[in-house]
Amino acid sequence: MLLIPCPWCGKRPENEFRYGGQAHVARPEDPASVDDEAWAVYLFLRDNPKGRHAERWRHIHGCGRFFNCIRDTVSDRIETTYKPNEAPPA
Amino acid sequence: MDSRSSFSIFSLLAHAGGRAWDRQWRDAQPKSAYDVIIVGAGGHGLATAYYLAREHGIRDVAVIDKGWLGGGNTGRNTTIIRSNYLQPESVALYEHALKLWEGLSQALNYNVMYSARGVLMLAHNHHDVQVFKRHVHANRLAGIDNEWLTAEQAKAFCPPLEIGPHVRYPVLGGALQRRGGVARHDAVAWGYARAASALGIDIIQNCAVTAIHRGPDGAVTGVETEKGRIDARRVGVVAAGHTSVLMGMAGMRFPLESFPLQALVSEPVKPVMPCVVMSNTVHAYISQSDKGELVIGAGTDAYTSYSQIGGLHISCETLAAICEMFPSFRRLRMLRNWGGVVDTTPDRSPIIGLTPVPGLFVNCGWGTGGFKATPGSGHIFADTIVRGQPHPIAAPFSLDRFADGRLIDEAAAAAVAH
């Protein structure tokens, strides 16, 4: 079980959280103006890296807030977590 | 095929005195070029190679794998076979596989231990009852055997099952596919490897692909591997959880996410479990291997990962469910648990067919339930590679469906909650 550092609550066990998929996926500004391929990219295409991954989590059984997380998908080690309005670390 | 390696009562008698069995397949080293390269020596990849040679006469084929043959999800799954999916496209696909399972041991001259002992999917609440009855009716319209059992009938079919009302999720009934069952997963890989090797196909292990080469026109020209460059005009990627990594080498993103999926086995005991039981709602599935171990399938982790391990709490939750459904199993000890990396698609159906890169074919996205499809998957993928267009059964499972919206939603039929 992962020990996830919520930016507001500190380290808590994984089962207090809900995984939210890849972070920083931008919704097209004007959905009606994009073609089917671009819309499919937004709906269905996600990064699936073997390595460093930026992802969303939500502390559903805690503060209820969303945040972002950088995790290595091979070791499952969490590099850092940060608040939704913050830029991802380089 | 070398006559000494053909299995029969006579070969069995000949070896009864202790003479060692010969190697069942050649451990090949790569040539510089092949007609077709299959990346991934799991069940699906080996089956593809076998059918390329057997059905289409294409024997200049290499199956290459970064590890050992059958060492990925083929050797890590819980071996359940069934075809009672909801959508007509899926029914055609999985039933095609089931029909091949029924004659596979004879076709390969290798006992894959296919056992049609019945797959019982339990309903624990009103919603389950409605969904499974819908499945039963849809399957009957499609000519697929699937029948509704009451809780008492389920108990009669599977005596160790607890159907009392005093548990959190009581058994309200179940859907039973009698032709469903299990097979020996390793034997499936070994049987296809042996048969493919005998037909002249090179199986190359411990040879990871590090790049996919393309010509000036964008078409595939070969692959770079740990054992050097191998040229081929047609490359089929059958790499399960690592498909995204390989597609990235060809400059493509794929609608796949990789998750660890776990399974575990108990200490071996005498026969106690006559069939396969699956439960989506409490999330557990269980059968008994011929060695006597109870084979238990757990869920995927919540997050994407290539760890091949998974969190222990996932297995523990499944064991809690097993103990509630089968109180007599509570004192059994678990021998070992493990994880595999499964590639899931947004609609929980596989992607089989062409890619935007000419000459590059893909067979992926089987998610948590690919073992059951192994023979059918290999059969239609070989046909797709040979013709350069999707086999009719594979056609609905194209990559295009995510752009045009013709999704094949099997989230309810996939036994694992994602």
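A. Quick peek at the nonpolar core. All names here are of chain B. In this structure, Leu-46, Trp-101 and Tyr-192 are the most contacted members of the largest nonpolar core, which totals 51 residues. At the level of elements, strand E1 (36-39), helix H2 (43-56), strand E2 (61-64), helix H3 (88-102), helix H4 (104-108), helix H7 (185-198) and helix H10 (374-387) are the ones that each hand at least two residues to this core. Not counting chain neighbours up to four residues away, the residues in contact with Tyr-192 comprise Gly-43, Leu-46, Ala-47, Tyr-50, Tyr-51, Leu-104, Leu-108, Thr-374 and Pro-375. Counting 32 residues, the second largest nonpolar core, distinct from the first, contains Ala-239, Ala-250, Leu-360 and Val-362.

B. Spatial organisation of the environment of B:Asp217. Residue and element names in this part refer to chain B. On the secondary structure map, Asp-217 appears in the loop between strand E9 (209-214) and strand E10 (220-225). For Asp-217, a relative accessible area of 58% gives the class exposed. Here the side chain of Asp-217 touches Ala-219 through a polar contact of 3.1 Å, landing on its backbone nitrogen.

C. Here's a closer look at the sheet that holds E2(B). Residues and elements named next belong to chain B. Spatially, 6 strands are ordered E8-E2-E1-E12-E19-E18 in an open sheet, and the strand pairing comes out mixed. Two strands lie at the open edges of the sheet, namely strand E8 (202-204) and strand E18 (351-354), each paired on one side alone. The mean inter-strand angle of the sheet, taken between neighbouring strand axes irrespective of direction, is 15°. Pairing geometry for E18 and strand E19 (residues 360-364), over 4 bridges, is antiparallel. Each residue of the ladder has a partner; that of Ile-352, found in E19, is Asn-363. Running over the sheet, H10 touches E1, strand E12 (234-237), E18 and E19 and is turned about 165° from E19.

Thresholds, definitions, all that
- Residues numbered from 1 in each chain as written.
- Chains lettered and ligands numbered in written order.
- Predicted model: local features only at pLDDT ≥ 70, side-chain atom pairs only at ≥ 80, totals over all residues.
- Heavy atoms only, no water.
- Core = buried A, V, L, I, M, F, W, Y, C linked by side-chain atoms within 4.5 Å.
- Buried < 20%, exposed > 50% of the residue type's maximum accessible area, 1.4 Å probe, protein only.
- Helix = DSSP H or I, 4+ residues; strand = E, 2+ residues; numbered from the N terminus.
- Contact = heavy atoms within 4.5 Å.
- Polar contact = N/O pair within 3.5 Å; in protein donor to acceptor, adjacent residues only side chain to side chain.
- Pairing = 2+ DSSP bridges.
- Axes fitted to C-alpha atoms, helices over the stretch in contact; angles between N-to-C directions.

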